[in-house]
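Each chain, letter by letter, is given below.
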Amino acid sequence: MANLKFINVNKIYDNNVQAVFDFNLEVKDKEFIVFVGPSGCGKSTTLRMLAGLEDITSGELYIDGKLVNYVPPMNRHIAMVFQSYALYPHMSVYQNMSFGLRIRKAMRGVFTYDDEAKALLGQSAKLRKEYKKVSKKLSKSPNDEECLKKEEELRLSLIKLYEEVFSKRKEFTGIDSNLIKRKEKEIKKLESGLLRVNKLIEKEEKKGDADKNNLLLDTMNRDLEYKQKQIKSISEEISYLKNNEAQILKNRNYSIFERDYQVLKAAGTLDLFKYLSRKPAELSGGQRQRVALGRAIVRNPKVFLMDEPLSNLDAKLRVQTRTEIASIHKKVGATTIYVTHDQTEAMTLADRIVIMKDGYIQQIATPKQAYNEPENMFVGGFIGSPAMNFLLGSYSNGKFVFDGEKRISINLDKKHIALLKNAYEGKRIALGVRPENIKLSSLGDNYSSPIEANINDSELLGNEYIYYCYLEKQKFLVKLDIDNEIGSISKTNFFFNLDKVHFFDLETTKRIK
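Residues numbered from 1 in each chain as written. Predicted model: local features only at pLDDT ≥ 70, side-chain atom pairs only at ≥ 80, totals over all residues. Heavy atoms only, no water.

S.K.: Describe the sheet that holds strand β5 (residues 66–67), listing the residues and the values that go with them.
M.R.: Strand order in this open sheet of 4 strands is β2-β1-β4-β5, and the pairing throughout is antiparallel. The open sheet has two free edges, formed respectively by β2 (18–27) and β5, since each of these has just one partner strand. Sheet topology places strand β1 (residues 4–12) next to β2; 6 bridges connect them, and they run antiparallel. When the bridges of β2 are listed, V9 appears paired with F23. Along the sheet face, helix α1 (residues 43–51) touches β1, β2 and β4 (58–63) and points at about 115 degrees away from the line of β1. (Pairing = 2+ DSSP bridges. Helix = DSSP H or I, 4+ residues; strand = E, 2+ residues; numbered from the N terminus. Contact = heavy atoms within 4.5 Å. Axes fitted to C-alpha atoms, helices over the stretch in contact; angles between N-to-C directions.)

Pasting the structure below:
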């Protein structure tokens, strides 16, 4: 798979609207990263820049250490799963999954087959015909146990047979003159690119406002340096190829048994083997999304990109498919970038979350860190359901005094006093506390003194209640287990868990730490 690196990536459209500002991120191999934020925050634009569907205005993007700013989408070794399934309605599941492999040519090894390997290929052709018959039968009767057993037996036999063919075939080796010519063409392209970039740099340096163009000049200079390194690296590679035998590569499609092997493996992983002969119209929404995932998996890409793939599904199916995506990621182990506006998807799927707002990264953290240690008020309010409560007030002599005529206050612990006593004495700040960290009784020394609040409304969510409360004019929510039902009273005391309370600077909105 692949590592990714974004360095100061910016996107400005032709109408001077900037969608992404100074995006910096490093993604490790096999990591599952989720971009999350409200509509218009720049998450899909960033994904499209990674895919090569949008140009990068400034900054650098690396895939496996290679600068790809100017690499076309088809050469980035990326697979994308869209919000709409984008399946071909006239093709079966098998044909949809294998279509990309059938039409796409790439530089692949050339192999020779001895008599034993040819005999195995003959066996696989017979077995494949038998498998197709069983697959068609299974698509009509997916719960036929005898048919299911037969299908699994044939599928595993085919996969084993294909793997045996792969182990028996021999690489065709020699001095690859065609590859040498291609590498020499690459050097010519890079050299013409060097000339073009040099001219651009000269043009920018002649302008009077050099400071204004520093970012652009830095990017172009790095591009120049990268191209020079590439020329040196390819020249060394050509020298090696001229003096050593290597595997001969040819621009070719996948063979039928290579396609078959990839599709059958993916169908087993995605539990789609029952439906290989069906058309998309005969599948549920969740099954169609799995086919779209399968079409991406069979290509063995370096990076998977998913742009809100669950938003077309109903609530129950979304939960089921979300679990399946997590399971598939563990099996396939692919580097994955997932875009969503749903913070539940982000929390359940991600190794790390990138939270965005108005084109800026607000926080990069694990789901647990983002939930327990929000970087600012936006993150605290966006992550979590219900959102974090923010109550305004001021710090005064070891106490937090809530805004209002009654001047209600709570004593703070030593940790919070140390944070606030010097810089925030007498200043207005915000107290942040999640609804589940407010209780009806003190459960220990880490709880605040009682705060009397009015209860205006409540919601029953099956196993818990959400209470809408007011501390004078300030609204806050409380989440309690169903066993702690308050009843019909309109006023009661609440206790804040001080270990879970955060304070935020109202000018910067950042968490005070």
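S.K.: Break down the packing of helix α2 (residues 93–103) against helix α7 (residues 256–270) for me, citing the residues and quoting the values.
M.R.: For the pair α2 and α7, interaxial distance at closest approach is 10 Å and the crossing angle is 135 degrees. In terms of axis orientation, α2 runs oblique to α7. Crossing hand, α2 versus α7: right-handed. Residue-level inspection shows Y94, M97, S98, L101 and R102 of α2 in contact with α7, the latter providing R259, D260, Q262, V263, A266 and A267. Class assignment of the residues belonging to the contact of α2 with α7 gives a composition of 6 nonpolar, 2 polar and 3 charged. (Parallel < 35°, antiparallel > 145°, perpendicular 65-115°, else oblique. Left-handed = near helix turned anticlockwise from the far one by under 90°. Nonpolar A, V, L, I, M, F, W, Y, C, P; charged D, E, K, R; others polar.)

S.K.: Run through α1, naming residues and quoting values.
M.R.: Of all 9 residues in α1, 7 are buried, a share of seventy percent or more. Those residues of α1 that sit buried are K43, T45, T46, L47, M49, L50 and A51. (Buried < 20%, exposed > 50% of the residue type's maximum accessible area, 1.4 Å probe, protein only.)

S.K.: Outline the nonpolar core, supporting the account with residue identities and numerical values.
M.R.: Formed by 62 residues in total, the largest nonpolar core has its most connected members in M97, L276, I325, Y338 and I355. Excluding anything up to four places from it in sequence, I355 contacts V36, Y360, I361, Q362, Q363, A370, F378, V379 and I383. (Core = buried A, V, L, I, M, F, W, Y, C linked by side-chain atoms within 4.5 Å.)

S.K.: So, helix α5 (residues 177–206): which residues are in play, and what are the values?
M.R.: Taking 1.5 Å per residue, 30 residues should reach 44 Å; α5 reaches 44 Å between its end C-alpha atoms and fits that length. All buried positions along α5 are accounted for by L179, I180, K183, I187, L190, G193, L194, V197, I201 and E204. (Expected span 1.5 Å × (residues − 1).)

S.K.: Hey, could you go over the environment of Q83 for me, with residue numbers and the actual values?
M.R.: Structurally, Q83 can be placed in the loop between β6 (78–81) and α2. In the structure, Q83 is positioned 224 residues away from D307 in sequence and 5.8 Å away in space, judged by C-alpha atoms. When near neighbours in sequence (up to four residues on either side) are disregarded, Q83 contacts Q289, D307, E308, P309, S311 and N312. A polar contact is formed between the side chain of Q83 and the side chain of S311, at a distance of 3.2 Å. (Polar contact = N/O pair within 3.5 Å; in protein donor to acceptor, adjacent residues only side chain to side chain.)

S.K.: Explain the sheet that holds strand β20 (residues 428–433) to me, and be specific about the residues and the numbers.
M.R.: If you walk across this open sheet you meet the 5 strands as β19-β18-β17-β20-β26, and the pairing is antiparallel. In this open sheet, the two edge strands, each paired with only one partner strand, are β19 (409–411) and β26 (502–505). Adjacent strand axes in the sheet meet at a mean angle of 40 degrees when their direction is disregarded. As defined by bridge partners, strand β17 (residues 389–396) adjoins strand β18 (residues 399–402) across 4 bridges and the pair is classed as antiparallel.

S.K.: Explain a positive patch on the surface to me, using residue names and the numbers behind them.
M.R.: Side chains of K181, K185, K188 and K189 sit close together on the surface and give a patch of like positive charge. Assignment of secondary structure puts K188 in helix α5. (Patch = residues over 30% accessible without salt bridge, like charges linked within 9 Å, V, L, I, M, F, W, Y side chains within 5 Å. Areas by Shrake-Rupley, 256 points an atom, 1.4 Å probe, with all protein chains shown as cover. Salt bridge = Lys/Arg side-chain N within 4 Å of Asp/Glu carboxyl O. Lys, Arg positive; Asp, Glu negative; His and termini not counted. Charge placed at Lys NZ, Arg CZ, Asp CG, Glu CD.)

S.K.: Outline the side chain of K479, listing residues and values.
M.R.: For K479, the position within the fold is in strand β24 (residues 474–481). Buried and unpaired, K479 has E464 as its nearest opposite-charge partner, separated by 4.1 Å. Engagement of the side chain of K479 in a polar contact is seen with the backbone oxygen of S385, the distance being 3.4 Å. Dropping the residues within four chain positions of it, K479 is found in contact with S385, P386, P435, E436, I438, E464, Y465 and I466.

S.K.: An account of the environment of T321 is requested, with residue identities and associated values reported.
M.R.: Tracing the backbone shows T321 in helix α9 (residues 315–332). In the structure, T321 is positioned 35 residues away from G286 in sequence and 6.2 Å away in space, judged by C-alpha atoms. Excluding anything up to four places from it in sequence, T321 contacts G286, Q289, L310 and L313.

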